[in-house]
Amino acid sequence: MIYFDNAATSRPKPEVVYKAFDYYIREIGTSPGRGSYSLAIQASRMLYQSRKTVAGFFGSVDPSCVVFTKNSTEAINLYFDGLLKQGDHVLISPYEHNAVLRPLQTLKNKGVIDYSVLPEEVLYCNKDRINDYVQGNTKLLVLTLASNLTGQIVFQRELSHMAHQMGLTVFVDASQGAGKKLINMQDDEIDVLAFTGHKDLLGLPGVGGLVSKKQLGITPLIQGGTGIHGESYVNPNAYPDSYESGTLNMPAIWALKQALEYIDENIEQIREKESFLIDYAIEALKRLDNVVLYHPDHIRVSTFCFNIKGVSSSDVVQTLDEQGICVRGGIHCAIKAHETLGTVATGAVRASLNCFNTRQEIDEFMRVIEGIRPCT
Amino acid sequence: MHIVFYKTNDVFAAEEKLQENGITTKIVPTPVQDKAYCGVCINVRESDLEVVKSSIDGMDYIII
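Since the structure is predicted, the reported quantities are computational estimates derived from the model, not experimental observations.

Novice: Kindly report on the overall build of chain A, identifying the contributing residues and their values.
Specialist: In terms of helices and strands, chain A carries 10 helices and 12 strands. In summary, chain A has a C-alpha radius of gyration of 21 Å against a globular reference of 21 Å for 376 residues, a match within 12%. For chain A, the spread of C-alpha atoms along the principal axes amounts to about 75 × 55 × 35 Å. Counting only residues that meet the buried cut, chain A has 51% of its 376 residues in that class. At a minimum sequence separation of 6, the contacts of chain A that also span at least 24 residues come to 69%.

What follows is the structure in structure tokens.
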């Protein structure tokens, strides 16, 4: 089986991730902040150590500025719902995932906020034109780090700098590309960032989070048990605890810590391998006359998308599956990106590689792709 | 002597700082004295008080 769907979830994981999960669930097995006996204290200590690793990974200096959630979608909802108030305006890129689009559209439908979509030209050519889209009530600039559809890098440091000069807060959805260590919150002027553990960060499903440069004065998304100040009828004013109501997925959090350390230790090899694979794949696809490849020349992570002339994306996915190759077709929860590419009606096929893939797998993929032709 | 914090995260951040400064620490249940604080706290020797204070300067805590 050839797995090219790492943008959905990475597979396999580094061996240290499996071991960390197994260790936690067998040897610790308790919940942080939920007891004062030794084993629960150790769980709380491991949670702190995990926060510290996440903060360091993204360039935030304060471990208490890491709020764990179940994924980036929850982190994005937490931030938008907690931050945005009546009359606020938000700028987004044309490549945002539905995890960004839908919470904003829902707030817009309720009459709370409005948002504008920056055209591609502002992202890549005339960045100064961002001024044309900033209004007096614009509070936030939202950029995905990389498109989950095309793999192209969307976040632009110059835009975050310009946004700050205009008094905006900069938020990055790092669901795609976080594991490449392309950004640093300090150097790149990122105020708040959402991540998920199971994609590019090579961790397990069920953990994500919100990282900020300073503690956020926002409203919690949910109310409930926090392990502290149980006498209060509502969540206490305690960051990050009050934003993590309910039992945390500590086995996945501990495994994420090991995944981040694995990435830190192997980042050069990961970049080199993925860079080779993606260049090799794109050059091979460019040579095929039956393939339409979208945005092949952008700087990107190891994801690309394409269509085969005269064949539906779902048929391509099915044919590849029959040959043991896993890719994803359809709209990819990224309607804005498909609108930008002009592929809403057709969908597209996305292939997403990672450092565990091989050139031989790409050769096999190309062999199958070359043979897919419209029925005559 | 108990160093009691408002947030769980601060307990373990402080534990790390104190150990870096050579203080012997033990995480223990917070004495039932003030319910407005975290469920666990740090037990240290009274003779280490001055080093403790300088080590966790700026953090939000009380000593009981």
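Novice: Help me get a handle on the domain arrangement of chain A, residues and values and all.
Specialist: Residues and elements named next belong to chain A. Taken domain by domain, chain A consists of domain 1 (2-10 + 266-371) and domain 2 (15-262). Inter-centroid distance (C-alpha atoms) of domain 1 to domain 2 is 27 Å. Each side of the interface is counted separately: domain 1 has 26 residues, and domain 2 has 26 residues. Taken together, the elements giving at least two residues each to the side of domain 1 that touches domain 2 come down to α7 (250-286), β10 (303-308) and α9 (335-341). Sorting elements by how many residues they give to the side of domain 1 that touches domain 2 places α9 first, with 5 residues.

Novice: Explain the packing of α7(A) against helix α10 (residues 359-371) of chain A to me, using residue names and the numbers behind them.
Specialist: Residues and elements named next belong to chain A. Relative orientation of the contacting elements α7 and α10 amounts to 20 degrees, with a least axis distance of 10 Å. Considered as vectors, α7 and α10 are oriented roughly parallel to each other. α10 is crossed by α7, and the crossing has right-handed handedness. Facing α7, whose interface residues are Leu 277, Tyr 280, Ala 281 and Ala 284, α10 presents Arg 359, Ile 362 and Met 366. Tallied by class, residues from the contact of α7 with α10 come to 6 nonpolar, no polar and 1 charged.

Novice: So, helix α6 (residues 157-165) of chain A: which residues are in play, and what are the values?
Specialist: Residue and element names in this part refer to chain A. Residues Leu 159, Ser 160 and Ala 163 constitute the buried set of α6. For α6, the buried positions fall inside an angular range of 100 degrees around the axis, keeping them on one side. Opposite the packed face of α6, turned more than 90 degrees from it, sit the exposed residues Glu 158 and Gln 165. On its buried face, α6 is in contact with β5 (138-144) and β6 (169-173).

Novice: Provide a residue-level description of the sheet that holds strand β9 (residues 291-293) of chain A, including the pertinent values.
Specialist: Residue and element names in this part refer to chain A. Pairing in this open sheet of 3 strands is antiparallel, and the strands run β9-β10-β12 from one edge to the other. A strand with exactly one partner marks an edge of an open sheet, and here the two such strands are β9 and β12 (349-352). Averaged over neighbouring strand pairs, the angle between their axes works out to 35 degrees when direction is ignored. Taken together, the 4 bridges between β10 and β12 define a ladder with antiparallel strand orientation. Across the sheet, the residue bridging to Cys 305 is Arg 350, located in β12.

Novice: Report on α10(A), specifying residues and quantitative values.
Specialist: All names here are of chain A. Between its terminal C-alpha atoms α10 stretches 19 Å, which fits the 18 Å expected from 13 residues at 1.5 Å a residue. Within α10 the residues assigned to the buried category are Ile 362, Phe 365 and Ile 369. When α10 is viewed along its axis, its buried side chains cluster within an angular range of 60 degrees and face the same direction. Exposed positions of α10 whose direction lies more than 90 degrees from the buried face are Gln 360, Asp 363, Arg 367 and Gly 371. Buried residues along α10 sit in contact with β1 (2-3), α7, β9 and β11 (325-326).

Novice: Now, about the packing of helix α1 (residues 15-28) of chain A against α7(A): what can you tell me, with residues and values included?
Specialist: Residue and element names in this part refer to chain A. Two elements in contact, α1 and α7, have axes separated by 8 Å at closest approach and are oriented at 150 degrees. Classified by the angle between their axes, α1 and α7 sit roughly antiparallel to one another. Once α1 is placed against α7, the crossing between them reads as right-handed. Contact with α1, carried on its side by Val 16, Val 17, Ala 20, Phe 21, Tyr 24 and Ile 25, involves Met 250, Pro 251, Trp 254, Ala 255, Gln 258, Ala 259 and Tyr 262 of α7 and no other residues of that element. A breakdown of the residues in the contact of α1 with α7 according to their chemical character gives 12 nonpolar, 1 polar and no charged.

Novice: Requested: an account of the environment of Gln42(A), with residues and values cited.
Specialist: Residues and elements named next belong to chain A. Looking at the element boundaries, Gln 42 is found in helix α2 (residues 38-58). On the basis of neighbour count, Gln 42 is assigned to the partly exposed category, with 15 C-beta atoms found within 10 Å. Separated by 11 residues in sequence, Gln 42 and Ser 31 have C-alpha atoms that sit 9.3 Å apart.

Definitions and cut-offs
Residues numbered from 1 in each chain as written. Chains lettered and ligands numbered in written order. Predicted model: local features only at pLDDT ≥ 70, side-chain atom pairs only at ≥ 80, totals over all residues. Helix = DSSP H or I, 4+ residues; strand = E, 2+ residues; numbered from the N terminus. Rg over C-alpha atoms; globule rule 2.2 N^0.38 Å. Buried ≥ 20, exposed ≤ 12 C-beta atoms within 10 Å, placed from the backbone. Contact = placed C-beta atoms within 7 Å. Domains from an automatic or database assignment. Axes fitted to C-alpha atoms, helices over the stretch in contact; angles between N-to-C directions. Parallel < 35°, antiparallel > 145°, perpendicular 65-115°, else oblique. Left-handed = near helix turned anticlockwise from the far one by under 90°. Nonpolar A, V, L, I, M, F, W, Y, C, P; charged D, E, K, R; others polar. Arc of directions from axis to C-beta. Pairing = 2+ DSSP bridges. Expected span 1.5 Å × (residues − 1).

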